Amino acid sequence: MKVLVIGAGNMGLTYAEGMADSPMLNKHKLKIYDTDPKKIKSLREDSRFDVYDNLDDCLPKADIVFVAVKPYHSDGLFEEMKTMINQSQIFVSLMAGVTIDTIQEKLEASKVIRTMPNLPAQVGKGVTSYTESKEVSRVELIMVRNLLDTTGTSIHVDTETFIDASTGISGSGPAYVFYFMQSMLEAALKMGFSAYDSKVLVSSTFEGAIELFNQNDISPKSWIAKVASKGGTTQAAIDSMEDNNVKQLIQDAAYAAFDRAVELGKED
Ligand SMILES: NC(=O)c1ccc[n+]([C@@H]2O[C@H](COP(=O)([O-])OP(=O)(O)OC[C@H]3O[C@@H](n4cnc5c(N)ncnc54)[C@H](OP(=O)(O)O)[C@@H]3O)[C@@H](O)[C@H]2O)c1
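Model, not experiment: these values are computed from the prediction.

Parameters and conventions
- Residues numbered from 1 in each chain as written.
- Predicted model: local features only at pLDDT ≥ 70, side-chain atom pairs only at ≥ 80, totals over all residues.
- Heavy atoms only, no water.
- Domains from an automatic or database assignment.
- Contact = heavy atoms within 4.5 Å.
- Buried area = accessible area lost by both parts, 1.4 Å probe.
- Salt bridge = Lys/Arg side-chain N within 4 Å of Asp/Glu carboxyl O.
- Polar contact = N/O pair within 3.5 Å; in protein donor to acceptor, adjacent residues only side chain to side chain.
- Nonpolar A, V, L, I, M, F, W, Y, C, P; charged D, E, K, R; others polar.
- Phe/Tyr/Trp six-rings, centres within 6.5 Å; stacked < 30°, edge-to-face > 60°.
- Helix = DSSP H or I, 4+ residues; strand = E, 2+ residues; numbered from the N terminus.
- Buried < 20%, exposed > 50% of the residue type's maximum accessible area, 1.4 Å probe, protein only.
- Lys NZ or Arg CZ within 6 Å of the ring centre and 35° of its normal.
- Pairing = 2+ DSSP bridges.
- Axes fitted to C-alpha atoms, helices over the stretch in contact; angles between N-to-C directions.

### Quick word on the domain arrangement of the chain
Then, number 1: Splitting the chain by domain gives domain 1 (3–156) and domain 2 (173–265).
Then, number 2: Listed by partner, the interface residues are four residues for domain 1 and four residues for domain 2.
Then, number 3: In total, domain 1 and domain 2 occlude about 300 Å² of area from one another, counting both sides; carbon and sulfur atoms represent 71% of this.
Then, number 4: Taken together, the links from domain 1 to domain 2 amount to zero salt bridges.
Then, number 5: Between domain 1 and domain 2 we count zero residue pairs in polar contact (both at pLDDT 80 or more) in total.
Then, number 6: In terms of residue class, the side of domain 1 that touches domain 2 is built from one nonpolar, three polar and no charged.

### Re the packing of aromatic side chains
Then, number 1: Considering all chains together, one arrives at two aromatic pairs under this definition.
Then, number 2: Measuring from centroid to centroid gives 6.0 Å for F180 and F206, while their planes differ by 75 degrees, and the two rings are edge-to-face. Here the residue F180 occupies a position in helix α8 (residues 173–190), and F206 occupies one in helix α9 (residues 195–215), the gap between them amounting to 26 residues.
Then, number 3: Overall, the relative accessible area of 35% leaves F180 in the partly exposed class.
Then, number 4: Ring plane angle 40 degrees and centroid distance 6.0 Å describe the contact between Y255 and F258, whose orientation is recorded as tilted. Residue Y255 and its partner F258 are located together in helix α12 (residues 246–266), separated by three residues, close to a single helical turn.
Then, number 5: Of the residues examined, F258 reaches a relative accessible area of 18% and is grouped as buried.
Then, number 6: Looking at K226, its charged tip hangs above the ring of W223, at a distance of 5.6 Å from the centre.

### A short note on the side chain of R114
Then, number 1: Mapped onto the fold, R114 is located in strand β6 (residues 112–116).
Then, number 2: Reaching out from R114, the side chain makes a polar contact with the backbone oxygen of V98 at a distance of 3.4 Å.
Then, number 3: At 2.9 Å, the side chain of R114 forms a polar contact with the side chain of D164.
Then, number 4: Those residues in contact with R114 that sit more than four places away from it in its chain are S93, G97, V98, T99, I100, S129, Y130, T131, E160, I163 and D164.

### Topic: the sheet that holds strand β7 (residues 126–132)
Then, number 1: If you trace the eight strands from one edge of the open sheet to the other, you get β3-β2-β1-β4-β5-β6-β7-β8, paired in mixed fashion. Looking at the sheet topology across the chains shown, the edges are occupied by β3 (49–52) and β8 (152–156). Neighbour-to-neighbour, the strand axes of this sheet turn through a mean angle of 25 degrees, independent of strand direction.
Then, number 2: Two strands pair when backbone bridges link them, and strand β1 (residues 3–6) and strand β4 (residues 64–67) are joined in this way by four bridges, in the parallel orientation. Bridged to L4 within β4 is V65.
Then, number 3: Sheet strands in contact with helix α4 (residues 74–81) are β1, β2 (30–33), β4 and β5 (90–93), and its direction is about 155 degrees off that of β4.
Then, number 4: The strands that helix α7 (residues 160–171) touches are β6 and β7; relative to β6, the one it contacts most, it runs at about 25 degrees.

And the structure:
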């Protein structure tokens, strides 16, 4: 199968690196197309990829095309692409907020899969949500899911509303975790720990808590109840968070990202 990634930025290159060794490529090298001459030069040194600076040479022959440019570049790109595509090709968009209808209309394509990627794909721990236009067959959907899974895991959702909703949870979510980490790092530094020790304390705490969560079938709420004894230190911290409505604020933040994703889809 011939797979082309358009746009070798943060996301495009991350997914390209994940997919490069997939047995689904059947010995075809993963194709990458970008417009930045510097990026093209450095990518050509990577033997895993066939790198192109001209759409004519790679797009017509591709079976699956990942589109990973910024949403504001998509109109110009689709205009250029539309004379070179055919209706059997599958287009997988990694772009936030660009709807399947918009892609079908502007690209004049029928088989479109819209995804919401997330940054931990860079270390093989990403989660990608995806949904498809009705023209995509079950077999084609499974092929694309197998490619997405090379960067971590994926979940299929029934409607694009869930793509926007997953923006609020997994797409933007790594930043919420980093926000929490940064807050704890700053608290550790204020308490007098060195930068190194603060980092170890915080990262080990996150890693340990995630491992406990993954290895047991216990909800975070039950873990809190296990850790926080009445009148103890953890309970003091949890009481402080509850008094300050932190849970509600985090949910509000997730909804703010969800709402923004919906807005971006309408801004076209
Ligand atoms: N980064 C994230 O965490 C994240 C999360 C979820 C979704 N996404 C989505 O992923 C997409 C890509 O984001 P990114 O952060 O990877 O962007 P990025 O780093 O800017 O990468 C986009 C790449 O595409 C190139 N490009 C621009 N126009 C092109 C064209 N017409 N043909 C071919 N290549 C072109 C850009 O070159 P120039 O640099 O020369 O413009 C750049 O190398 C976005 O649509 C975004 O919504 C990103």
